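Observations on the model geometry
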Amino acid sequence: MHVLIVEDEASLANELVHFLSKEHYKCDWASDGREASEKIAVNLYDFILLDLGLPDYDGLDLLAETRALEHDPAVIVLTARGSLEDRIKGLGLGADDYLPKPFSLLELQARMQAVLRRKFKLKSSTVSFNGYDLDTNTRRVQYEGNEIMLTKKEFDLLHYLVLHKNRILTRLQLTEHIWGNVLEDDYDSNYIDVHIKNLRKKLSAYGPTDWIETVRGVGYRLTA
């Protein structure tokens, strides 16, 4: 998952980046509203962790700006502004959850997982599809009880395809999800093709993989 942390307090932002990176999230950080607005406009984030008390922006305005965009990241508001009025306004503008400061990092992680389950209508951390079982907590994939060993990026790629099953995902979308901000990195769309090839090879040793569909000239789609 690709996460944008919008937080002007550097020590807290660094703590969040360190914790979430260990939990296999790809993290970007924006220290003010202007920087956050620019990043949100050009990157396809899965999650935005948004502080309302920014030095140059009202976080609620940034939330409204985010919801006006085509892509739809999950947003959790993290703020010391814990008044009922702020919470109601934030949720009304489209925030998926609201966590007042100070907060536990483990609680944040649990809330992020809960938001994902609601967003993608999942009943548990295990997602079943076409005979395969993917456990997002243990990061294990099985087919009829046989465990399939995947690399971190192969798992992340499969997880993202599963969450967006029946939807065409471009190579750019998949690359941003796994590698982060491609405008700052050495972007090569062939990365995705190589990983898809390796993923198909590993999965095909246990079961069918024709549900990973190549959409010529565009990207890939997982068909349920």
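So, here is what we can say about the structure in this document. What you see is a predicted model, and the numbers here were worked out from it, not measured in a lab. Each chain has its residues counted from 1, running along the sequence as written. Reporting of local features is limited, given that this is a predicted model, to residues whose pLDDT is at least 70; pairs of side-chain atoms are given and counted only at 80 or more, and all residues count toward the totals for whole chains, interfaces and linings. To get the side-chain values, all heavy atoms of the structure are used, and hydrogens and water are removed first.

1. With respect to the side chain of E154
Going along the chain from the N terminus, every DSSP run of H or I of four or more residues is numbered as a helix, and every run of E of two or more is numbered as a strand. Tracing the backbone shows E154 in helix 6 (residues 152–163). Within the local environment of E154, its side chain forms a polar contact with the backbone nitrogen of T151, the two atoms lying 2.9 Å apart. In terms of polar contacts, E154 uses its side chain to reach the side chain of K202, at 2.8 Å. Sequence-distant contacts of E154, that is, excluding residues within four places in its chain, are made with H195, N198, L199 and K202. Side-chain atoms alone can form a polar contact between residues adjacent in sequence; in general such a contact is a pair of N or O atoms within 3.5 Å, and within protein one must be able to donate a hydrogen while the other accepts it. For this analysis, residues touch if any pair of their heavy atoms sits within 4.5 Å.

2. Topic: the pairing of strand 4 (residues 74–79)
For strand 4, the tally of buried residues reaches 6 of 6 residues, placing the bulk of the element in the interior. In this scheme, a residue with accessible area under 20% of its type's maximum is buried, one over 50% is exposed, and one in between is partly exposed, where area comes from a 1.4 Å probe on protein chains only. Covered by surrounding structure in strand 4 are A74, I76 and L78 together with V75, V77 and T79, the residues of both alternating faces. Crossovers are described as right-handed under a simple rule: with the strands pointing away from the observer, the path leading from the first strand over the helix to the second runs clockwise. At this point the chain moves from strand 3 (residues 47–50), through helix 3 (residues 59–67), to the parallel strand 4, and the crossover so formed is right-handed. The rule for pairing is simple: two strands pair if DSSP sees at least two bridges between them. In the sheet, strand 4 pairs with strand 5 (residues 97–100) via 4 bridges, with the strands oriented parallel. In the sheet register, I76 faces strand 5, and the bridge partner there is D97.

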